[in-house]
Amino acid sequence: MTQDALLFFGKSPQALPLYECLEQKILSEIENVTVKVQKTQISFSNRHNFAFASLLPVRKARERPKVYLTVTFGLSHRVDSPRIDVATEAYPNRWTHHVMVGMPEEIDAELMGWVKEAAAFSAAKR
């Protein structure tokens, strides 16, 4: 965990454990990952960005968990799952998916499967 990452959660420190869980799983399950803290998101990349952590409110306020982290990843296809809050085709055959998590348990094998698939998709891009 870098100082920049800690500062990123300055206004939402209660979301930090969610991020720590996500970061730990990504770094332990996917090789050669670089983490970059930006103003509105934290990106995970290999050759290209493949996943992002943010505080983007992708649900209406009354439908959001009190504490949340939005995990975003890109794939070549749309994933249809009740866990996907928003899916958009940013470019032909490049789908961006947003999943809002409210508990560390939600950063599970299913979500990590999508993130790993996104890392492979990213690594295969020219």
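Keep in mind that what you see is a predicted model, and the values were worked out from it rather than measured.

Cut-offs used in this document
- Going along each chain's sequence as written, the residues are numbered from 1 onward.
- Reporting in this predicted model follows two pLDDT cut-offs: at least 70 for local features of residues, and 80 or more for side-chain atom pairs to be given and counted; totals over whole chains, interfaces and linings ignore these cut-offs and use all residues.
- The basis for every side-chain value is the complete set of non-hydrogen atoms in the structure, without hydrogens or water.
- Strands are runs of DSSP state E lasting at least two residues, helices are runs of H or I lasting at least four, and both sets are numbered from the N terminus onward.
- Based on C-alpha atoms, the radius of gyration is set beside the globule rule, defined as 2.2 Å times the residue count to the power 0.38.
- Under the scheme applied here, a residue whose accessible area is under 20% of the maximum for its type counts as buried, over 50% as exposed, and between as partly exposed, the area being computed with a 1.4 Å probe on protein chains only.
- Only the protein chains shown count as covering a residue, and every accessible area follows the Shrake-Rupley method with a 1.4 Å probe.
- Residues scored as positive are Lys and Arg, those scored as negative are Asp and Glu, and His as well as the terminal groups of each chain are ignored.
- Where a charge sits is defined by one atom per residue type, namely NZ (Lys), CZ (Arg), CG (Asp) or CD (Glu).
- Whether two residues are in contact is decided by their heavy atoms, any of which lying within 4.5 Å being enough.
- We call two strands paired when DSSP finds no fewer than two bridges between them.
- As a rule, the C-alpha atoms of each element are fitted with a line to give its axis, helices using only the stretch in contact, and angles between N-to-C directions run from 0 to 180 degrees.
- What counts as a salt bridge is simple: a side-chain nitrogen of Lys or Arg found within 4 Å of a carboxyl oxygen of Asp or Glu.

Caption draft 1: Structural context of the overall build of the chain. The number of helices and strands found in the chain is three helices and six strands. Sequence-ordered secondary structure for the chain, helices as α and strands as β, is α-α-β-β-β-β-β-β-α. For the chain, whose C-alpha radius of gyration is 14 Å, the value lies close to the compact-globule estimate of 14 Å for 126 residues. Each of the three principal axes of the chain carries a C-alpha extent, and together these read 35 × 30 × 25 Å. Counting all 126 residues of the chain, 40% fall into the buried class. Surface summary for the chain: the accessible area is close to 7,200 Å², and the carbon and sulfur share equals 51%. Across the chain, the 16 positively charged side chains and the 14 negatively charged ones have centroids separated by 8 Å.

Caption draft 2: Inspection of unusual backbone geometry at higher detail. With a phi close to 55 degrees, N32 is a non-glycine residue in the positive phi region. Structurally, the position occupied by N32 is in the loop between α2 (16-29) and β1 (34-37). Of note in this structure, N93 is not a glycine but carries a positive phi near 60 degrees. By secondary structure assignment, the location of N93 is in the loop between β5 (86-91) and β6 (94-101).

Caption draft 3: Highlighting the side chain of S45. Counting through the fold element by element, S45 comes out in strand β2 (residues 41-45). The contact partners of S45, leaving out residues within four places of it in the chain, are N32, V33, T34 and F50.

Caption draft 4: Quick peek at the sheet that holds strand β3 (residues 49-54). With antiparallel pairing, six strands are arranged side by side in an open sheet as β1-β2-β3-β4-β6-β5. In this open sheet, the two strands that pair with only one neighbour each are β1 and β5. Geometrically, the sheet is characterised by an average inter-axis angle of 20 degrees between neighbouring strands, direction not taken into account. Here five bridges tie β5 to β6, and the two strands are oriented antiparallel to one another. Among the inter-strand pairings, V86 is bridged to a residue of β6, identified as H98. Set on the sheet, helix α3 (residues 109-124) makes contact with β3, β4 (69-75) and β6; between it and β4 the angle comes to about 45 degrees.

Caption draft 5: Region of interest: the pattern of salt bridges. Summed over the entire model, instances satisfying the criterion amount to five salt bridges. With a closest N to O distance of 2.8 Å, R83 and D108 form a salt bridge. Placement of R83 in the loop between β4 and β5 and of D108 in the loop between β6 and α3 is noted, with a sequence separation of 25 residues between them. Residue classification places R83 among the buried positions, given a relative accessible area of 18%. In the salt-bridge network here, residues are joined through shared partners; they are R83, D108 and E110.

Caption draft 6: Structural detail: the pairing of β4. Taken across its seven residues, β4 has six buried, putting it largely inside the fold. Sheet topology places β3 next to β4; four bridges connect them, and they run antiparallel. Looking at the pairing, A51 lines up with F73 of β4. In this sheet, β6 lies alongside β4 in antiparallel orientation, the contact comprising seven bridges. Bridging from a neighbouring strand, F73 pairs with H97 of β6.

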